[in-house]
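Overview (structure and organization)
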Amino acid sequence: MVRQIEITAVAAPSRTASPIAGKTIVFTGTLEKMTRPEAKARAEALGANVTSSVSAKTNYVVVGADAGSKADKAKALGVTVLSEPEFLALIEGG
C-alpha cells in the first residue's frame, strides 16, 4: 500500500499589515502563554524589532510576572506598557 500526502502552501503572515511592524518592543518578566524567546520570534515574524533594553525609542514594553526595572523605566519614559494578554490581543487583531 502506497500512502500519499498532499502539501498545501501556507501564506506567511503579512509583516506590513501587522500593528507591530516597524515597532521596537522589549519583553520583561515571566510570560504565561509563551516563553520570551517564543514571544520574540513571534514579534519578529510580524515585523517588529525586539531589543533587550528600554529607551525613548521603544514603542512597547510587554510585561509578565515579576517585571522589574525595565517596566519602571518604560513608565518613566512614557513608553506604552502592555500586559501579555494586551500584547496578544494587539497582534491577533482583537
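See the structure above.
Residues numbered from 1 in each chain as written. Predicted model: local features only at pLDDT ≥ 70, side-chain atom pairs only at ≥ 80, totals over all residues. Heavy atoms only, no water.

Quick notes on the nonpolar core
Threshold: Side-chain atoms within 4.5 Å link the members of a nonpolar core, which is a set of buried Ala, Val, Leu, Ile, Met, Phe, Trp, Tyr and Cys residues. Residue exposure (1.4 Å probe, protein chains only): buried if accessible area is under 20% of the type maximum, exposed if over 50%, otherwise partly exposed. We count a stretch as a helix when DSSP gives it H or I for four or more residues in a row; a strand needs E for two or more, and each element gets its number in order from the N terminus.
Ranked by internal contacts, the top residues of the largest apolar core, which has 16 residues, are Ile20, Ile25, Phe27, Ala43, Val62 and Phe87. Going through the elements one at a time, strand E1 (24–28), helix H1 (36–45), strand E3 (60–63) and helix H3 (84–91) are the ones with two or more residues in this core. Counting residues per element, this core draws most heavily on H3, which supplies 3 residues. Counting residues in each nonpolar core, the second largest holds 7 residues, with Val26, Val54, Val61 and Val63 among its members.

What to know about the pairing of E3
The condition that has to hold: Here, any two strands with at least 2 DSSP bridges between them count as paired. Orient the strands so they point away from the viewer, and a crossover whose first-strand-to-second-strand path over the helix runs clockwise is right-handed.
Neither face of E3 is open: one carries Tyr60 and Val62, the other Val61 and Val63, and all of them are buried. Across 4 bridges, the pairing between E1 and E3 is parallel. The residue bridging Val26 from the neighbouring strand is Val61, located in E3. Inspection of the sheet shows E3 paired to strand E4 (residues 80–83) by 4 bridges, in the parallel sense. If you follow Val61 over to E4, its bridge partner there is Val81. With helix H2 (residues 69–77) bridging E3 and the parallel E4, this β-α-β connection has right-handed handedness.

Overview of the packing of aromatic side chains
Let me state the cut-off plainly: Note on aromatic contacts: the rings of Phe and Tyr and the six-membered ring of Trp form a pair at centre separations within 6.5 Å, being stacked when their planes are under 30 degrees apart, edge-to-face when over 60 apart, and tilted otherwise.
All chains considered together, the criterion is met by 1 aromatic pair. The interplanar angle of 85° and the centroid separation of 5.3 Å between the aromatic rings of Phe27 and Phe87 together place this pair among those described as edge-to-face. With a gap of 60 residues between them, Phe27 in strand E1 and Phe87 in helix H3 connect regions that are remote in the sequence. Among the residues examined, Phe87 registers a relative accessible area of 1% and is labelled buried.

Regarding the sheet that holds E4
So the rule is basically this: Here, axes are lines fitted to C-alpha atoms. For helices the fit covers the stretch in contact, and angles between N-to-C directions go from 0 to 180 degrees. In this description, contact between two residues means that some pair of their heavy atoms is separated by no more than 4.5 Å.
Here we have 4 strands laid out as an open sheet, ordered E2-E1-E3-E4, and parallel in their pairing. Each of the sheet's edge strands pairs with one partner strand only, and the pair in question is strand E2 (49–51) and E4. Within this sheet the neighbouring strands show an average axis-to-axis angle of 30°, counted without direction. Across the sheet, H1 is in contact with E1 and E2; its angle to E1 comes to roughly 165°.

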